Amino acid sequence: MNRRRRIYEGKAKVLYEGPEPGTLIQHFKDDATAFNNQKHAQIDGKGVINNRISEFVFERLSEIGVPTHFIRRLNMREQLIREVEIIPLEVVVRNVAAGSIAERLGLDEGMTLPRSIIEFYYKNDDLQDPLVSEEHITAFGWSNPAELDEIMQLALRVNDFLVGLFLGVGIRLVDFKIEFGRLWDNEQLRIILADEISPDSCRLWDIETDNKLDKDRFRRDLGDVLEAYQEVARRLGVLNESRPPQGMVPVLVASNNPSGGGE
Ligand code: TMP
């Protein structure tokens, strides 16, 4: 199906050359990896769901003025995006202690953090994406103080908005990872939200039960990975009109679940 030139292949996505200069096609695969690829599996239908969820989230963010690389969804697995120069940082925003911060600082998982915390990880698979400080980032020239200010402001805006969006559908946004890119626009450098926002890159807990609706189900062998992603999509109202991927049964949004985005 894809005769286009492949520009880059990551663990869960492939980037192809786009139809016009300055554009790319972002293709969502069904591959799931954890612990820097030590654990790997295919989860049939995951790519289709992540494409939809990420489209939905990026569109809502764009509506509130967050600049993103997303242009439009092309098909079940692909979206047209703006080509940006990726800043080699994984920007993590945390609201609740979980995962690596809980381990590193000896915090109980589920503890609400005193305030939202931003962390930076240097994107480098050989080094397993180490945690770095602003000092490292600016000293090694991965980004500069002005860009970092912009990145932190955007990351907090994204967090504020997404906390509300997910709360509206009964989900606690524990933490998430985002990436940013540089885009030259009329000689002006802009910082743009890139990559994806999906259950692969967020921790999402059901507000009532603390049930995990994200990639921790895969990382921690909790089972029902696809079902959890499907549940997130259904609550956000993005599965209703789409044909389900193989093996999935379409289910209507339950009447006691508020659907659509809480703004
Ligand atoms: P962590 O607790 O493992 O550091 O993860 C923090 C958040 O970042 C969590 O929502 C999962 C997400 N994440 C990624 O999207 N990619 C990664 O490679 C890692 C390690 C975490």
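Draft legend 1. Structural view of the packing of aromatic side chains. According to the stated counting rule, one finds two aromatic pairs in the structure shown. Judged by centre distance (3.8 Å) and plane angle (10°), the rings of Tyr122 and Trp142 are stacked. Note that Tyr122 is positioned in strand β10 (residues 112-122) and Trp142 in the loop between α3 (134-139) and α4 (145-167), a separation of 20 residues in sequence. The exposure class assigned to Trp142 is buried, which follows from its relative accessible area of 16%.

Draft legend 2. Focus on α4. When the terminal C-alpha atoms of α4 are compared, their 32 Å separation across 23 residues agrees well with the 33 Å that a helix rising 1.5 Å per residue should span. Listing the buried residues of α4 in full gives Glu147, Leu148, Ile151, Met152, Leu154, Ala155, Val158, Asn159, Phe161, Leu162, Leu165 and Phe166. At the N-terminal end of α4, a side-chain oxygen is found 3.1 Å from the backbone nitrogen of Ala146, two or three residues along, and the residue is Asn144.

Draft legend 3. Local environment of the site of the ligand. Lining the immediate environment of the ligand, one finds 15 residues, of which Arg94, Ser100, Asp175, Lys177 and Arg203 sit closest. In this structure, an oxygen atom belonging to the ligand sits 2.8 Å away from a side-chain N or O atom of Arg94. Within the contact set of the ligand, an oxygen atom lies 2.9 Å away from a side-chain nitrogen or oxygen of Arg203. Isolated, the ligand exposes 450 Å² of accessible area, and the fraction of that covered by the protein chains is 77%. Those elements that provide at least two residues to the shell around the ligand are β9 (89-96), α2 (99-105), β12 (171-185) and β14 (202-206). Taken together, the residues of the shell around the ligand break down into five nonpolar, three polar and seven charged.

Draft legend 4. Local environment of the side chain of Glu90. Note that Glu90 resides in strand β9. Buried and unpaired, Glu90 has Lys177 as its nearest opposite-charge partner, separated by 4.0 Å. Look past the residues within four positions of Glu90 in its chain and what remains in contact with it is Glu119, Phe120, Tyr121, Lys123, Asp129, Lys177, Ile178 and Glu179.

Draft legend 5. Representation of the environment of Gln38 within the structure. You can see Gln38 is positioned in the loop between β4 (31-34) and β5 (39-42). Taking the relative accessible area as the measure of exposure, Gln38 reaches 66% and is therefore exposed. Separated by 61 residues in the primary sequence, Gln38 and Gly99 place their C-alpha atoms 17 Å from one another.

Draft legend 6. Main features of the sheet that holds strand β2 (residues 13-17). The antiparallel open sheet is built from five strands, whose spatial order is β1-β2-β3-β7-β6. Both outer strands of the open sheet, β1 (6-9) and β6 (70-73), are each paired with one neighbouring strand and no more. Pairs of neighbouring strands in the sheet enclose a mean axial angle of 25°, with direction left out of account. Inspection of the sheet shows β6 paired to strand β7 (residues 78-82) by three bridges, in the antiparallel sense. Bridge pairing in β7 links Arg72 to Leu80.

Here is what the cut-offs are and how they apply
Residues numbered from 1 in each chain as written. Predicted model: local features only at pLDDT ≥ 70, side-chain atom pairs only at ≥ 80, totals over all residues. Heavy atoms only, no water. Phe/Tyr/Trp six-rings, centres within 6.5 Å; stacked < 30°, edge-to-face > 60°. Helix = DSSP H or I, 4+ residues; strand = E, 2+ residues; numbered from the N terminus. Buried < 20%, exposed > 50% of the residue type's maximum accessible area, 1.4 Å probe, protein only. Expected span 1.5 Å × (residues − 1). Polar contact = N/O pair within 3.5 Å; in protein donor to acceptor, adjacent residues only side chain to side chain. Near = heavy atom within 4 Å. Areas by Shrake-Rupley, 256 points an atom, 1.4 Å probe, with all protein chains shown as cover. Nonpolar A, V, L, I, M, F, W, Y, C, P; charged D, E, K, R; others polar. Lys, Arg positive; Asp, Glu negative; His and termini not counted. Salt bridge = Lys/Arg side-chain N within 4 Å of Asp/Glu carboxyl O. Contact = heavy atoms within 4.5 Å. Pairing = 2+ DSSP bridges. Axes fitted to C-alpha atoms, helices over the stretch in contact; angles between N-to-C directions.

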